[in-house]
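This is what each chain is made of:
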Amino acid sequence: MNMTWILVAYLLGLIFLSMKLDDPRRRRSFRPAWRFFALIPIWHFIMHLCRAGQLRDVRAQELINVWSQAVPSLLLGISFLCLLGALAPAGSGDSD
């Protein structure tokens, strides 16, 4: 599964939400979401280096493919949870 369009849409949404907020404290709460999102291209780079070093080993190539698809999804999910935490802090709901 190619996540390119999901990453582009998420990046545009993250940029829009980061620029829209005027409160500097709320803007700082976006930092964890940005950090986890920034780890995705770094992870792709690391996986390409691993893939280049294991050209003849088929089993290693398959393991690298699994990890290269699983970790970006995990990082995107963590970034999304951080973004939700920044937009709707824990104490903002009406509870009885």
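The rules we used
Residues numbered from 1 in each chain as written. Predicted model: local features only at pLDDT ≥ 70, side-chain atom pairs only at ≥ 80, totals over all residues. Heavy atoms only, no water. Helix = DSSP H or I, 4+ residues; strand = E, 2+ residues; numbered from the N terminus. Expected span 1.5 Å × (residues − 1). Buried < 20%, exposed > 50% of the residue type's maximum accessible area, 1.4 Å probe, protein only. Contact = heavy atoms within 4.5 Å. Phe/Tyr/Trp six-rings, centres within 6.5 Å; stacked < 30°, edge-to-face > 60°. Axes fitted to C-alpha atoms, helices over the stretch in contact; angles between N-to-C directions. Parallel < 35°, antiparallel > 145°, perpendicular 65-115°, else oblique. Left-handed = near helix turned anticlockwise from the far one by under 90°. Nonpolar A, V, L, I, M, F, W, Y, C, P; charged D, E, K, R; others polar.

**As for helix α3 (residues 31-53)**
Between the first and last C-alpha of α3 there are 34 Å, a value that for 23 residues agrees with the 33 Å anticipated at 1.5 Å per step. When we look at burial in α3, the residues that qualify are A33, F37, I40 and M47. Elements that come into contact with the buried residues of α3 comprise α1 (4-20) and α4 (58-87).

**Some details on the packing of aromatic side chains**
For the coordinates displayed, the defined rule picks out three aromatic pairs. Linked through ring pairs, Y10, W34, F37 and F80 together constitute an aromatic cluster.

**Observations regarding the packing of α1 against α4**
Each pair of packed helices can be summarised by the angle the axes make with each other and by the distance between the axes. Contact geometry of α1 with α4 gives a least axis separation of 12 Å together with a crossing angle of 25°. Here α4 runs roughly parallel to α1, going by the angle between their axes. In the packing of α1 onto α4, the handedness of the crossing is left-handed. Contact residues: α1 offers I6, L7, Y10, L14 and L17, while α4 offers L76, S79, F80, L83 and L87. Per-class residue counts for the contact of α1 with α4 are nine nonpolar, one polar and no charged.

**Some remarks on the side chain of S79**
Along the chain, the position of S79 falls in helix α4. The exposure class of S79 is buried, given its relative accessible area of 0%. Ignoring sequence-local partners within four residues, the contact set of S79 consists of Y10, A33, F36 and F37.

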